[in-house]
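One letter stands for each residue in the lines below.
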Amino acid sequence: MKNYRLLCLIILNVFYGYSQQSKLNSADKKYDGYAYIDAIKTYERVADKGYKSEDLFKKLGNSYYFNSEFESAAKWYGELFAINTSPEAEYYYRYAQSLRSTGQTDKANKIMNEFNAKYKNDSRGKLYKEDVNYLDEIKANSGRYKIEDAGINSKYSDYGSFVYNNKIYFASARDTGNFSQRRHKWTGEYYTNIYSANIDPQNSAAVKPDKFKTALNTKFHESTPVFTKDGNTVYFTRNNYIDGKKGKDDNKITLIKLYKATLENGKWTKITALPFTSDNYSTAHPALSPDEKTLYFASDIPGSIGQSDIYKVSINSDGSFGTPQNLGKPINTEGKETFPYVTSENEIYFASDGHPGLGGLDVFVGQIDENGTVSDIQNLGNDINSPKDDFAYIIDPVSRQGYFSSNKDGGMGSDDIYKFLETKRLKCLQELYGVITDSENGVVLPGSKVTLYENQKIKNSTVSNTAGQYSFAVECGKTYSVRAEKPDYATKEVDITIAKTNGKTNLPIALDKSVCKVAVGDDLGKCFGIKMIYFDLDKSNIRTEAALDLEKILDVLNQNPTMKLDIRSHTDSRASHQYNEALSDRRAKSTISWLIQNGVAKNRLTGKGYGETQLVNQCSDGVNCTEEEHQMNRRSEFIITAL
């Protein structure tokens, strides 16, 4: 693609130059100034005369690669590999991407295998090696969209959409202006401005695009505006240019920055660069979290993992900003990650050429976890993605309608905007279902409480219906625990790993009648299969799932008002003896406090933490044990002292 490549935040490698004839010197100056279109003309004239050099072929390949002309890029990278079979890592990757973009998948895979063998620490090679069947996964994720031209495209570059107040905003290079209109030397196209078009609510068609006639647009590039919900603030991308002054980095190059503007009396004012931007690196393509407390963006801030990474920064209540944080791996690679978009479902969509795809930039989606990391990254499939550049994906999580940009074949211009309807969700879901029965006679047990756990945390709970049936919606590939409970029956917990494809998983659970009879000195917890009351790591507050177990103890105490308990908490041998004893004592006291708060008389309860002093196996200090063996020592006991 063309104008987008200016804004995709490429950090160019430093190339070791050497003395060449005057034509090459002139072309090198253009190349170093990002004037790739002009540089290509000179380089190709020299190459056509039979001149060969590693530096020449690198720069020719790069000039085409950065303009998304992958067929020509593959040609010149091929010439590079013909005279140097072991160039730097980045050329392996660019060559493989160019080959893949032109349909030469087998040759691209061969280059990627060589890349991974030579540069084992590069995450792009690892991702490819770990997912050699990625094309099958992309195929499985395909066939989920209805896609149409957005109706706002021109023969020039149009990309990067955002919908607000029944209008679509986007960047376009269609303003050819007059004879003196400026062209950008990187792409040979005119500079982009922000445009808007009304969206017909009847058919979601966009009509009558007009240039956004505000101070946001200048004679340089503007793109990717994002409006706050109240419409009073906009974040957008612009060349480093404000108040008639153009900023430059140490190499005299004008990069791009994130800007903010405020709407006052119908006019956009107070246009300022965000405080964490710089003349010496690029920041671009803002995206707001649904609560508008976090701004996501792409940047090549020094220390980035790749050529551009996705970052986030907090927006404080007073309008100030925190310190940008790199989202880290696995979302960011040594390649380019850019154009983030975050939904109310904690999904982040982004474009990348570092994750396994079809060539060029592909659109991916990941899940933002509670700790802020991104997991479960998937390619959206070949409806959206193509061998060219596909990017700037936005979606309404309710209607499942949205837009994306691409320079795929068949469009009107170098980049075009497409609208889509997602007809099938990407997230792989299954129905986990079953029947709760009596293990002795097979009679169904309606009214059984069934609880779904993931990593010891409650995900959902239900009660079996009149036919003893239960069901949960679960995610493919994950492991869950299902606990079934019924008065007069022993509680049972079963682990299940869900298949990685859509469908249903049957998990019937048969309960044994409770035959637990206790005496003084017995552990009441064993009657209910309570091995341990769970607490957060290194803490003593009662977790929700622990409270469910304590409710069983509470019920027995209420049914037996003369029963007394001594509550004992134990740890494994890891950490110091003093620490373990103090932690277990706090946990025992927290358990007692919970029971007292729920109506048990204080004089019926005693308790103590024993730390690691009463291990049930050989796993003392210095002994190498498995996690399961250590777990046996981490236990809670409810010893009956009176009946």
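See the structure above.
Given the structure is predicted, the values throughout are model-derived calculations rather than measurements.

What counts, and at which threshold
- In this convention, every chain numbers its residues from 1, walking through the sequence in written order.
- Whole-chain, interface and lining totals are the exception, using all residues; otherwise, since this is a predicted model, local features are given only for residues with pLDDT of at least 70 and side-chain atom pairs are given and counted only at 80 or more.
- Only hydrogens and water are set aside; all other atoms, that is, all heavy atoms of the structure, feed into the side-chain values.
- Here a strand is any run of E in DSSP of at least two residues, a helix any run of H or I of at least four, and the numbering for each starts at the N terminus.
- Burial classes: relative accessible area under 20% of the type maximum marks a residue as buried, over 50% as exposed, and values in between as partly exposed (1.4 Å probe, protein chains only).
- When checking whether two residues touch, look at their non-hydrogen atoms; a contact exists if any pair is within 4.5 Å.
- Where accessible areas are quoted, they stem from the Shrake-Rupley method and a 1.4 Å probe; at the residue level, only the protein chains shown are allowed to cover.
- Grid points spaced at 1 Å over the protein atoms alone were grouped into cavities, where a 1.4 Å probe fits but cannot get out, and pockets, open sets with protein on both sides within 12 Å along at least five of seven lines, with lining residues defined by an atom within 4 Å of a point.
- Grid points are joined across faces, edges and corners, and a volume is the space filled by probe spheres set on the points.
- For this classification, the nonpolar set comprises Ala, Val, Leu, Ile, Met, Phe, Trp, Tyr, Cys and Pro, the charged set comprises Asp, Glu, Lys and Arg, and every other residue, Gly included, is treated as polar.
- DSSP bridges decide pairing: two strands pair if at least two such bridges lie between them.
- One less than the residue count of a helix, multiplied by 1.5 Å, gives the span that helix is expected to have.
- In this analysis an axis means a line fitted to C-alpha atoms, helices contributing only their contacting stretch, and an angle means the value between N-to-C directions, from 0 to 180 degrees.
- Defined by distance alone, a disulfide is two cysteine sulfur atoms within 2.5 Å.
- A carboxyl oxygen of Asp or Glu within 4 Å of a side-chain nitrogen of Lys or Arg is what we treat as a salt bridge.
- Buried residues of nine kinds, namely Ala, Val, Leu, Ile, Met, Phe, Trp, Tyr and Cys, make up a nonpolar core once their side-chain atoms join them within 4.5 Å.
- The arc refers to the directions leading from the helix axis to the C-beta atoms.
- Here the word oblique covers every angle except those under 35 degrees (roughly parallel), over 145 (roughly antiparallel) and from 65 to 115 (roughly perpendicular).
- In this scheme the crossing of two helices becomes right-handed for a clockwise turn of the near helix relative to the far one and left-handed for an anticlockwise turn of less than a right angle.
- Residues enter a patch when their relative accessible area is above 30% and they make no salt bridge; the linking distance is 9 Å between like charges and 5 Å between nonpolar side chains (Val, Leu, Ile, Met, Phe, Trp, Tyr).
- We score Asp and Glu as negative and Lys and Arg as positive, and we do not count His or the chain ends.
- Taken as the charge location is NZ of Lys, CZ of Arg, CG of Asp or CD of Glu.

Peer 1: Explain the overall build of the protein chain to me, and be specific about the residues and the numbers.
Peer 2: Within the protein chain one finds 13 helices and 33 strands. Relative to its full complement of 643 residues, the protein chain shows a buried share of 53%. Considering only contacts in the protein chain between residues 6 or more positions apart, those separated by 24 or more positions represent 58%. Carbon together with sulfur atoms contributes 47% to the accessible area of the protein chain, which is approximately 29,300 Å² in total.

Peer 1: Explain empty space enclosed by the protein residue by residue, including any values.
Peer 2: Applying the stated criterion across every chain, the model contains three cavities of 30 Å³ or more. In this model, the largest cavity occupies a volume close to 110 Å³. Forming the walls of the largest cavity are Glu347, Tyr349, Val365, Gly366, Gln367, Asp376, Gln378, Arg400, Glu422, Arg425, Leu426 and Lys427. Top element by residues in the lining of the largest cavity is strand E18 (residues 362-368). It accounts for three residues.

Peer 1: Go over the layout of surface pockets, please, and point to the residues and values.
Peer 2: By rolling a water-sized probe across the atoms, one finds the places where empty space is left. Size it by volume and the largest pocket reaches roughly 1,900 Å³. Considering the residues around the largest pocket, the lining is formed by 47 residues, among which Asp376, Gln378, Glu475, Cys476 and Lys478 are closest to the centre. Secondary structure elements with two or more residues in the lining of the largest pocket: helix H8 (123-130), helix H9 (134-140), E18, strand E19 (374-379), strand E24 (449-454), strand E25 (457-463) and strand E26 (469-475). The leading source of residues in the lining of the largest pocket is E19, at five residues. Split into classes, the residues belonging to the lining of the largest pocket amount to 18 nonpolar, twelve polar and 17 charged.

Peer 1: I'd like a description of the sheet that holds strand E14 (residues 309-314), backed by residues and values.
Peer 2: An order of E12-E13-E14-E15 is seen for the four strands of this open sheet, with the pairing classed as antiparallel. Each edge of the sheet is formed by a strand with only one pairing partner; in this case those strands are strand E12 (283-288) and strand E15 (325-326). Judged from the six bridges that link them, strand E13 (residues 294-299) and E14 form a sheet pairing that is antiparallel. Directly across from alanine 298, in E14, lies its bridge partner isoleucine 310.

Peer 1: Before we move on, could you go through helix H6 (residues 89-101) and cite the residues and values that matter?
Peer 2: Think of an α-helix as turning once every 3.6 residues; residues three or four places apart then point the same way. In a regular helix each residue adds 1.5 Å, so 13 residues correspond to 18 Å; H6 covers 19 Å between its end C-alpha atoms and thus fits that length. Of all 13 residues in H6, 13 are buried; the element is thus mostly enclosed. Looking one or two places after H6, you find glycine 103, whose phi comes out positive at around 85°.

Peer 1: Outline the sheet that holds strand E31 (residues 564-570), listing residues and values.
Peer 2: Strand order in the open sheet formed by three strands is E32-E31-E33, with mixed pairing between adjacent strands. At either margin of the open sheet sits one strand with a lone partner, and together these are strand E32 (605-611) and strand E33 (636-642). Looking at each pair of strands side by side, their axes are set apart by 20° on average, direction ignored. For E31 and E32, the ladder comprises six bridges, and the chain directions are parallel. Directly across from histidine 570, in E32, lies its bridge partner glycine 611. Here helix H12 (residues 577-597) sits on the sheet in contact with E31, E32 and E33, set at roughly 160° to E32.

Peer 1: Quick one: what's the story with the state of the cysteines, residue by residue and with numbers?
Peer 2: By the definition in use, this model includes one disulfide. Residue cysteine 619 pairs covalently with cysteine 625 via a disulfide, S to S 2.2 Å. Every disulfide takes its handedness from the sign of the S-S torsion; for cysteine 619 and cysteine 625 that torsion is -105°, giving left-handed. A single burial state applies to cysteine 619 and to cysteine 625, both of which are buried.

Peer 1: Before we move on, can you summarise the pattern of salt bridges with the specific residues and values?
Peer 2: Taken as a whole and assessed by the stated rule, the structure comprises 31 salt bridges. We note a salt bridge from glutamate 88 to lysine 58, for which the minimum N-O separation is 2.9 Å. Pair noted here: glutamate 88 is in the loop between helix H5 (70-83) and H6 and lysine 58 is in helix H4 (residues 54-65), with a separation of 30 residues, a long-range link. The partly exposed category is assigned to glutamate 88, whose relative accessible area is 36%. Lysine 58 gets classed as buried once you look at its relative accessible area, which sits at 7%. The closest approach of N and O atoms between glutamate 627 and arginine 574, which form a salt bridge, is 3.3 Å.

Peer 1: Break down the nonpolar core for me, citing the residues and quoting the values.
Peer 2: Core analysis: the biggest nonpolar cluster contains 32 residues, and Leu56, Leu60 and Tyr77 have the highest contact counts within it. Broken down by secondary-structure element, the contributors of at least two residues to this core are helix H3 (36-48), H4, H5, H6, helix H7 (105-118) and H9. Beyond its immediate stretch of four places on either side in the chain, tyrosine 77 contacts Lys58, Gly61, Asn62, Tyr65, Tyr91, Arg94, Tyr95 and Ser98. Counting 26 residues, the second largest nonpolar core, distinct from the first, contains Val234, Phe297, Val313 and Ile315.

Peer 1: Tell me about H7, and name the residues and values.
Peer 2: Here H7 contains 14 residues, and its C-alpha end-to-end distance of 20 Å stays within 8% of the 20 Å for a straight helix at 1.5 Å per residue. Within H7, the full set of buried residues consists of Ala108, Asn109, Ile111, Met112, Phe115 and Asn116. Projected down its long axis, H7 shows its buried positions confined to an angular sector of 160°, all on one face. Where the residues of H7 are buried, they touch H6, H8 and H9.

Peer 1: An account of the packing of H4 against H6 is requested, with residue identities and associated values reported.
Peer 2: Across the interface, H4 lies against H6 with an axial gap of 11 Å and an inter-helix angle of 50°. The angle between the axes of H4 and H6 places the two elements in the oblique class. Note that H4 runs across H6; the crossing there is left-handed. Contacts from Lys58, Asn62 and Tyr65 of H4 reach H6 at Tyr91, Arg94, Gln97 and Ser98. Classifying every residue of the contact of H4 with H6 gives two nonpolar, three polar and two charged.

Peer 1: Give a description of the side chain of serine 196 that names residues and reports values.
Peer 2: With respect to the helices and strands, serine 196 occurs in strand E4 (residues 193-199). Residues in contact with serine 196, not counting those within four places in the same chain, are Lys167, Ile168, Tyr169, Phe170, Lys208, Pro209, Asp210 and Phe212.

Peer 1: So, a positive patch on the surface: which residues are in play, and what are the values?
Peer 2: Where like charges cluster on the molecular surface, the positive patch consists of Lys219, Lys246, Lys248 and Lys252. By the secondary structure assignment, lysine 246 is in strand E9 (residues 245-246). By relative accessible area, which is 40% here, lysine 246 ends up partly exposed.

Peer 1: So, the pairing of strand E2 (residues 158-164): which residues are in play, and what are the values?
Peer 2: The buried fraction of E2 is high, at five of seven residues. Adjacent in sequence and paired antiparallel, E2 and strand E3 (residues 167-172) are bridged by two residues, among which asparagine 165 carries a positive phi angle near 50°.

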